[in-house]
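For reference, the chains in residue letters:
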Amino acid sequence: MRGLKIWPIAFLLAATVFLSFRSKPQRPNVIFIYADDVGFGDLSVYGATKVLTPHLDRLAKEGIRFTNAHASSATCTPSRFALMTGGYPWRQKGTGVLPGDAALIIPTDRLTLPGVFRNAGYKTATVGKWHLGLGESGKQINWNKPISQGPNEVGFDYAYFFPATSDRVPTVFIEDHDVTGLDTADPIEVDYSRKIGNEPTGKENPELLKLPASPDHGHNNTIVNGIGRIGWMTGGKQARWTDEEVAHVFLSKAKQFIQDNAKNPFFLCFSLNDIHVPRMPSTQFKGKSKMGLRGDVILQMDWTVGEILVTLDNLGIADETLVIFSSDNGPVLDDGYADRAVELASGHKPAGPFRGGKYSAFEGGTRVPWIARWPAGIKAGAVSDALICQVDLLASFAGFLGQKPDHADAVDSYDVMNALLGKSQSGREFLVKQGGALSLTEGNWKYIEPREGKAYMELTGIETGANPKPQLYDLSRDQGEKTNLAEKYPAKVKTMAARLEKIRQD
Ligand code: NG6
Ligand code: CA
């Protein structure tokens, strides 16, 4: 008799232990791989057929793939600002694409995404592109001394990065506060307003270029490694990078950080240079795609992701590591260099089914790939159409790690962790995005506010979404934003315009 009574109790106990083990939020390592300018249609798992991305396809197969995920803006700096701060970038002045000598735009007293992880006892690092400014505002950066403010001052224990974009000077790597490999006898100077020194420029010596600039784009200042850059620099010859090596250098630093922290929780923001211009793949990938240099760097980017996955496998930490892959803005074919991306695309649709691309208020500007894998926490092979945005990572991880940030610390960030982990199909209820004009997405509806300006940028071949009249699209029937319903539904336009205005005032 007694024995029989014990069984249900033992079962209950075992079930409780099992359930509490399952539901107890474990603390995975988190690697956020942030690709540059990769469009919704650039990965085979999102429908690309002219270029294949087997490693990202594997990531999706072993994790969850999102179809309604967004960068907050259609260019890099503002998207990164939102990712880091949990706030819409347009609330703060000076958050547009920064030159290479800009001051740090993230206030050092603000809660940041790496700060959330640091508060939870994680080791944090950023490796790759930075593009959020360095040093104090109003002070010129002295590249030859430790640089006072940067990633380390906004939450990263370790940082290995380049200051802006690979098409902007200075073309050097920085480790924490110092330019790496700098010969102090050859100091670096940088200027964005006028030519300094007497090194050749793309404008004066186009015959020296191995990758010519597209006409009129302006990538024709100082030539480094046979490529004209935006901005002028002198000195630092020994420290200058070789473009063909950038992906490998960043990967080796990312791997090192992972290895060094395999036994403790870590957060790594791995911010790839690929597939931004100048597209200069390593020898390993040159000519390996059928789409020219842009295709080659897609292969290189995919391989990089694969290398991270192999590193996790080798260290035996794949199960307890959440890997997220996304992109900072939509795609562009011609972004300033004559790399034949347009001509060789031959039917490839970098933005997939969406209109516009990088710089645009249409979906192509901000709707980006988003894949997440966490074997211990995400069901493999899921696809989700929950509305999520990179601005949400701050509140989502804060909640997940048991923190409650003040509203002011994460104004626009929502805890959508259940959606991120595939536990719920509903994400945000609404989202404001920036691509020149601001837009408001609410359920199936998207409203783009009126904006004067060019509807089409000839240089990049991109529709900007600018229109002096309001635009309203029903994304459930018209994901390509072809039919403007604003005149048909004036009341809807009115409520959405008013809501956008209210959010702007928040
Ligand atoms: C633009 C550059 C473009 C790219 C972009 C930033 C010109 C004409 N174009 O101003 O080449 O560097 O800035 O890209 O200079 S982003 O991905 O970092 O936002
Ligand atoms: Ca970008």
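Small disclaimer: the values here were computed from a predicted structure and weren't measured. Once a new chain begins, its residue numbering starts again from 1 and follows that chain's sequence as written. Chains carry letters and ligands carry numbers; both start at the beginning, A for chains and 1 for ligands, and go up in the order they are written. Where local features are concerned, this predicted model is filtered to residues with pLDDT of at least 70; where side-chain atom pairs are given and counted, the filter is 80 or more; whole-chain, interface and lining totals use all residues.

*Asks:* How would you summarise helix α2 (residues 54–61) if you had to cite specific residues and measurements?
*Replies:* As a rule, residues whose C-beta atom has 12 or fewer other C-beta atoms within 10 Å are exposed, those with 20 or more are buried, and those in between are partly exposed; C-beta atoms are placed from the backbone. Helix and strand definitions here come from DSSP, where helices need a minimum of 4 consecutive H or I residues and strands a minimum of 2 consecutive E residues; each element is numbered from the N-terminal end. If you check which residues of α2 are buried, you get H55, L56, L59 and A60. Seen from one end, α2 has its buried residues packed into an arc of 145°, which puts them on one side. Residue pairs qualify as contacts under a 7 Å threshold applied to their C-beta atoms, which are placed from the backbone. Tucked into the core, α2 has its buried residues touching β2 (64–66), α6 (292–315), β13 (321–327) and β14 (370–373). To obtain the arc, one takes the directions from the helix axis to the C-beta atoms.

*Asks:* Any chance you could break down the site of ligand 1 for me, citing the residues and the numbers?
*Replies:* Here, nearness means that the C-beta atom of a residue, built from backbone geometry, sits within 6 Å of the molecule or strand in question. As a structural note, the neighbourhood of ligand 1 is formed by 16 residues, with T75, C76, H217, D335 and G336 the closest of them. Polar here means any residue outside two lists: the nonpolar Ala, Val, Leu, Ile, Met, Phe, Trp, Tyr, Cys and Pro, and the charged Asp, Glu, Lys and Arg; Gly therefore counts as polar. Residue composition of the shell around ligand 1, by class: four nonpolar, eight polar and four charged.

*Asks:* Account for the pairing of strand β12 (residues 266–271), naming residues and giving values.
*Replies:* Most of β12 is tucked away, with six of its six residues classed as buried. Going residue by residue along β12, you find F266, L268 and F270 tucked away on one face and F267, C269 and S271 tucked away on the opposite face as well. Where strand β1 (residues 29–35) lies against β12, five bridges are found, and the strand directions are parallel. Considered in β12, the bridge of F32 is made with C269. When DSSP locates at least two bridges between a pair of strands, those strands are taken to pair. Inspection of the sheet shows strand β4 (residues 123–129) paired to β12 by six bridges, in the parallel sense. In the sheet register, A125 faces β12, and the bridge partner there is L268.

*Asks:* Give me the lowdown on the packing of α2 against α6, citing residues and values where you can.
*Replies:* Contact geometry for α2 and α6: axes closest at 7 Å, N-to-C directions at 50°. Accordingly, the angle class assigned to the pair α2 and α6 is oblique. Listed contacts from α6 to P54, H55, L56 and L59 of α2 are D302, W303, V305, G306 and L309. In terms of residue class, the contact of α2 with α6 is made up of six nonpolar, two polar and one charged. Each axis is a line fitted through C-alpha atoms, and for a helix only the stretch in contact is used; angles between axes span 0 to 180 degrees, taken between their N-to-C directions. Angles below 35 degrees are treated as roughly parallel, those above 145 as roughly antiparallel, those between 65 and 115 as roughly perpendicular, and all remaining angles as oblique.

*Asks:* An account of the UniProt feature "domain: Sulfatase N-terminal" (unreviewed entry) in the protein chain is requested, with residue identities and associated values reported.
*Replies:* UniProt positions are given in the numbering used here, feature names are shortened, and annotations may be inferred rather than shown by experiment. Look at the UniProt record and you will see "domain: Sulfatase N-terminal" (unreviewed entry) annotated at residues 28–402. Taken end to end, residues 28–402 comprises 22% helix and 16% strand; its first and last C-alpha atoms sit 14 Å apart.

*Asks:* Break down unusual backbone geometry for me, citing the residues and quoting the values.
*Replies:* For the peptide bond that leads from D274 to I275, omega is 10°, which places it in the cis range. On the secondary structure map, I275 appears in the loop between β12 and α6. Omega for the peptide link from V277 to P278 comes to -10°, which places this bond in the cis form. Looking at the secondary structure, you find P278 in the loop between β12 and α6.

*Asks:* Could you give me a rundown of the nonpolar core, with the residues and numbers involved?
*Replies:* By size, the foremost hydrophobic cluster in this structure holds 130 residues, and its most contacted members are I33, L268, F270 and A372. Considering each element in turn, this core owes the most residues, nine residues, to α6. In this structure A372 touches G63, I64, L322, V323, I324, I378 and L420, once residues within four positions along its chain are discounted. Here a nonpolar core is just a set of buried residues of the types Ala, Val, Leu, Ile, Met, Phe, Trp, Tyr and Cys, joined wherever their C-beta atoms sit within 7 Å.

*Asks:* Quick rundown of the sheet that holds strand β17 (residues 430–435)? Include the residues and the values.
*Replies:* Strand order in the open sheet made by the four strands is β17-β18-β19-β22, with antiparallel pairing throughout. One side of each edge strand has no neighbouring strand; the edge strands of this open sheet are β17 and β22 (471–474). Between one strand axis and the next, the sheet turns through 20° on average, direction left out of account. Note that strand β18 (residues 437–442) and strand β19 (residues 445–448) share four bridges and pair antiparallel. Among the inter-strand pairings, T441 is bridged to a residue of β19, identified as K446.

*Asks:* Give me the lowdown on the packing of helix α5 (residues 246–260) against α6, citing residues and values where you can.
*Replies:* The relative placement of two packed helices is expressed as an angle between their axes plus a distance between the axes. Running from N to C, α5 and α6 point in directions that differ by 20°, and their axes come no closer than 11 Å. Relative to α6, α5 is oriented roughly parallel. In the crossing of α5 with α6, the sense of the turn from one axis to the other is right-handed. Judged by residue contacts, A247, L251, A254, K255, I258 and Q259 of α5 engage Q300, T304, E307, I308, T311 and L315 from α6. A crossing counts as left-handed when the near helix is turned anticlockwise from the far one by less than a right angle, and as right-handed when that turn is clockwise.

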